[in-house]
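Remarks on the overall topology
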Amino acid sequence: SQRQQLLAVAAKQKCPAAILHVGAETPLLIERIRKRNAKGRDASEADIDVLNYQLENQESLSADERAHSIDVDTSGRVDPFTLREAILNISANNA
């Protein structure tokens, strides 16, 4: 996968790497798209069909990728300071 390639390049360069595994429940994603489309000012082409395609074609993280990943639940507010600490921790653990 592209993620494995990224981790291999990072390891070769002795550069820490983290995968942000971002997600939310599907009904919430659909609701967000509908609200965005209702405003009629969104430059994004991501509609429900695009979301369905992404959901149908997403690749699960491998065990190695999981060791380098941070789950980010975007159902609510994401605290940037907590996320920063998680990135620093995972980077230090996988350096």
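Above: the structure in question.
Residues numbered from 1 in each chain as written. Predicted model: local features only at pLDDT ≥ 70, side-chain atom pairs only at ≥ 80, totals over all residues. Heavy atoms only, no water.

Turning to the overall build of the protein, a few remarks are in order. When helices and strands are counted, the protein shows five helices and two strands. If you list the helices and strands of the protein from N to C, you get α-β-α-α-α-β-α. In terms of C-alpha radius of gyration, the protein reaches 16 Å, well past the compact-globule figure of 12 Å for 95 residues. Each principal axis of the C-alpha atoms in the protein carries an extent, and together these give about 45 × 30 × 20 Å. Surface summary for the protein: the accessible area is close to 7,300 Å², and the carbon and sulfur share equals 52%. (Helix = DSSP H or I, 4+ residues; strand = E, 2+ residues; numbered from the N terminus. Rg over C-alpha atoms; globule rule 2.2 N^0.38 Å. Areas by Shrake-Rupley, 256 points an atom, 1.4 Å probe, with all protein chains shown as cover.)

Bringing unusual backbone geometry into the picture now. Positive phi outside glycine occurs at lysine 14, with the angle close to 55°. Structurally, the position occupied by lysine 14 is in the loop between helix H1 (2-12) and strand S1 (19-23). Lysine 14 sits in the exposed class, given a relative accessible area of 76%. (Buried < 20%, exposed > 50% of the residue type's maximum accessible area, 1.4 Å probe, protein only.)

Bringing the environment of serine 69 into the picture now. Looking at the element boundaries, serine 69 is found in strand S2 (residues 69-73). A polar atom in the side chain of serine 69 sits 3.0 Å from the backbone oxygen of arginine 66. (Polar contact = N/O pair within 3.5 Å; in protein donor to acceptor, adjacent residues only side chain to side chain.)

On to the layout of surface pockets, then. Each pocket or cavity is described by its volume, and for the largest pocket that value is around 350 Å³. The set of elements that each furnish at least two residues to the lining of the largest pocket consists of S1 and helix H3 (48-57). The element contributing the most residues to the lining of the largest pocket is S1, with four residues. Tallied by class, residues from the lining of the largest pocket come to seven nonpolar, five polar and one charged. Within this model, the second largest pocket holds a volume of roughly 150 Å³. Class assignment for the residues of the lining of the second largest pocket results in seven nonpolar, two polar and two charged. (1 Å grid on protein atoms, 1.4 Å probe; cavity = no way out; pocket = protein on both sides within 12 Å on 5 of 7 lines; lining within 4 Å. Points joined across faces, edges and corners; volume = space filled by probe spheres on them. Nonpolar A, V, L, I, M, F, W, Y, C, P; charged D, E, K, R; others polar.)

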